[in-house]
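Listed here are the chains, written in short residue letters.
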Amino acid sequence: ENGLDGWLRYAPLPCSGHCHSSLPSSIAVLNATETSPVYVAGTELQNGLKGVYGKHVKVSHTKCKSSSLVVGTLDQYREHCGPVHGVPELEEDGFWLNTKGKNVQIIGQNEKGALYGTFEYLSMLAQGNFTKVSYASNPAANIRWVNQWDNMDGSIERGFGGPSIFFEKNRTVEDLTRVREYARLLASVRINAVVINNVNANPIILTPENLDGVAQIADVFRPYGIQVGLSLNFASPQTFGGLSTFDPLDASVIEWWSKITAQIYERVPDMAGYLVKADSEGQPGPQTYNRTLADAANLFAKEVKPYGGIVMYRAFVYNQLDENVWTDDRAKAAVDFFKKLDGEFDDNVVIQIKYGPIDFQVREPASPLFANLPKTSMAIELQVTQEYLGQQSHLVYVAPLWKEIFDTDLRVDHKPSLVRDIMTGKRFNRKLGGSAAVVNVGTNTTWLGSHLSMSNLYAYGRLAWNPADDAEEVLKDWIRLTFGLDRKVVDTITRMSMESWPAYEQYSGNLGIQTLTDILYTHYGPNPASQDNNGWGQWTRADHTSIGMDRTVSNGTGYSGQYPEEVAAMYENIETTPDNLLLWFHHVNYTHRLKSGKTVIQHFYDAHYTGAETAQTFLTQWESLHGKIDTERFNHVRRFLDYQGGHSIVWRDAINDFYYNLSGIPDEAKRVGHHPWRIEAEDMKLQGYKAYDVTPFEMASGTVAVV
Ligand code: BDP
């Protein structure tokens, strides 16, 4: 198996006992139009039942009474089958699944809902689950988007699964087979929109030829209930349209965007909306003309409003070249820019906020912006792409990280204010809300570059629908669908995956110091020294005696004061700051004692050892599944885990050596700086190899490697 079907493999299961009598033999699919999600649901049912249980089912489009399964919308059901009984009020995209009656009913509030209910039913069958159920499922949020960072030339920013499935050579691709397969995967986890081009947007997406291509892509997504959205480059009117300005309040600029928007909607009448990254990391924005971020967002909001579109305006606004960022604290940027604009955004603007205030680090506190925009719609931005988390070469199941953020209580106005209730719109009564995840699948048959990373995409969709779901339960569903029902397979992959984020945190950067990776570009591999003295603002403030970023109001950058009172007080005080965020909020001596009784430096040494040790068990755990997983996937994963085990040692020693060198404080367990059993590269005589000095020094013991 090469991974192409992801978790929708419909792999054969034995059918015995009451299995046969529980499977439908004929289905009524209440829409005969091939491009409708209900029709697609019928095809999935046919393929699924055939694949899993070898059962051929007959399809009709009206014969409700005589069919053993009916799928359609509430309205279609009423029209073709008569009154609906026992179905509670469904919300937009919600569905009703009932396997208790004479026939199975899968009824959606709309067509999308019917398709989602179908995938839910098939997921049960593919897991050998014949429990009789009858329940409604409704989404927690209406924005369940993914963002692809695909460039027009076919490369993908932070993509680790091969080139783009959407673009090549500055055009949209002709063969849309992979797009359809992606649509299917996304629909099965209830994603309802995909932004297909990079947030660092190239305006040539707007040429008539490319918009025709976008329309073809949208046509492929539509039957799966997925809308297409586009990232815009703010300077397009000037750089692409030939105007002398891109001032968002200039009449010619407004008119230009109006025309472009009309051209898009003419081709894609249900375009989801625009995603905008502006005034950030060199991208142009309204600040060029001293206009506010709200001026910019509202410009687009007014254009897409008549067509029912929305604007996802990113809160990720900062300029790494700005001196204030160098001297102050980038973590404060989002609140500084957006809080004062609360209430000024049009009602179809949604502020898309990264989960933490910096940038997808292995641990961050929840962004304080969630607590500061009660009059604005918000969505959380997550990353399925493991940009800072091992770039798909390391197993890191990220859902537990997301869950910690979702479950953070920000105590706005001293009332319960879970991030998940804020982002979904519930807490502040907003109509729009939800999440967007950077996904970056590519043409590799594994989609993301490695089979195990797909648990993150699956979990993202599930949690976008219901952020209260349990990360481990979701994971188990994914494992059963991806690798089968064998107990040992499920238990082993569950254990490895649940251990993976904590282990990665331990060997890459713990106590809230962030991922101690190369910060300047690659975001991969250890390079703690690169973290300071740069405009990216991901600082450790480490010197010979102390470490950590003082973000208190009393003594530091004042960032902790951006949280509501109770939370601010917790982070302000070193005693009440949880250890895992200690160095995020406080600057302390290496000898400072944690709640565990250990010093900070000893905790570093120990954690890096423990994390790497755990990562090294992954290969052995995986190998214990030999013979229980097909050879192709078994070997592919094996190679990655083997690499991760080794790279975790590089991480461990690099970080430990770096801080030992800086602090001069020995490791109590006498491991760091002492490797008596090692043969150093510089001592080896290997024909055809040469010794090279390595920078940073801590990346190789003795600072030398052989090449
Ligand atoms: C950073 C990435 C960069 C993105 C940026 C963003 O390194 O490639 O363009 O985020 O989110 O993490 O805009």
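Residues numbered from 1 in each chain as written. Predicted model: local features only at pLDDT ≥ 70, side-chain atom pairs only at ≥ 80, totals over all residues.

Peer 1: Is there a simple way to explain the UniProt feature "domain: Alpha glucuronidase N-terminal" (unreviewed entry) in the chain in this structure?
Peer 2: Here, UniProt's "domain: Alpha glucuronidase N-terminal" (unreviewed entry) annotation points to residues 6-121. A distance of 17 Å separates the end C-alpha atoms of residues 6-121, which is 34% helix and 18% strand. (UniProt positions renumbered as here; feature names shortened; annotations may be inferred. Helix = DSSP H or I, 4+ residues; strand = E, 2+ residues; numbered from the N terminus.)

Peer 1: What should I look at first to understand the nonpolar core in this one?
Peer 2: By size, the foremost hydrophobic cluster in this structure holds 205 residues, and its most contacted members are Val71, Leu186, Val194, Val276, Ala297 and Val311. Considering every element that reaches this core, the biggest residue donor is helix α19 (residues 600-623), with eleven residues. When residues no more than four places from it in sequence are discounted, the contact partners of Val311 are Gly273, Tyr274, Val276, Ala297, Phe300, Ala301, Val304, Asn348, Val349 and Val350. (Core = buried A, V, L, I, M, F, W, Y, C linked by C-beta atoms within 7 Å. Buried ≥ 20, exposed ≤ 12 C-beta atoms within 10 Å, placed from the backbone. Contact = placed C-beta atoms within 7 Å.)

Peer 1: What exactly am I supposed to notice about the domain arrangement of the chain here?
Peer 2: By a frequent convention, interface size equals the accessible area lost on bringing the separate parts together. In terms of domains, the chain is made up of domain 1 (19-137), domain 2 (143-482), domain 3 (507-549 + 587-663) and domain 4 (675-707). On a C-alpha basis, the centroid separation for the pair domain 3 and domain 4 is 21 Å. Listed per partner, the contact involves eight residues of domain 3 and four residues of domain 4. (Domains from an automatic or database assignment.)

Peer 1: Looking at this structure, I do not really get the UniProt feature "active site" (unreviewed entry) in the chain. What am I missing?
Peer 2: The sites that UniProt annotates as "active site" (unreviewed entry) are Glu281, Asp359 and Glu387. Checked against the element boundaries, Glu281 lands in the loop between β12 (273-276) and α9 (293-304). We classify Glu281 as partly exposed; it has 15 C-beta atoms within 10 Å. Its place among the elements puts Glu387 in the loop between β15 (377-383) and α12 (399-406). Apart from residues lying up to four places away in sequence, Glu387 is in contact with Arg158, Phe360 and His523.

Peer 1: When you look at the environment of Lys55 in this model, what are you seeing that I'm missing?
Peer 2: Residue position: Lys55 is located in the loop between α2 (37-53) and β2 (58-60). We classify Lys55 as partly exposed; it has 17 C-beta atoms within 10 Å. Residues Lys55 and Cys15, spaced 40 residues apart in sequence, show a C-alpha to C-alpha distance of 9.8 Å. Apart from the residues lying within four places of it in its own chain, the contact partners of Lys55 are Leu23, Leu49 and Lys50.

Peer 1: What is the right way to look at the sheet that holds strand β4 (residues 95-98) in this model?
Peer 2: Adjacent strands of a sheet form backbone hydrogen bonds with each other and so pair up, either parallel or antiparallel. The sheet built from six strands is open, its strands ordered β2-β1-β3-β5-β4-β6 with mixed pairing. The open sheet has two free edges, formed respectively by β2 and β6 (134-137), since each of these has just one partner strand. When strand polarity is set aside, the average angle formed by the axes of neighbouring strands in this sheet is 15 degrees. Direction of pairing for strand β1 (residues 26-29) relative to strand β3 (residues 69-73): parallel, over a ladder of three bridges. The residue of β3 that forms the bridge with Val29 is Val71. Lying over the sheet, α2 contacts β1, β2 and β3, oriented at roughly 155 degrees with respect to β3. (Pairing = 2+ DSSP bridges. Axes fitted to C-alpha atoms, helices over the stretch in contact; angles between N-to-C directions.)

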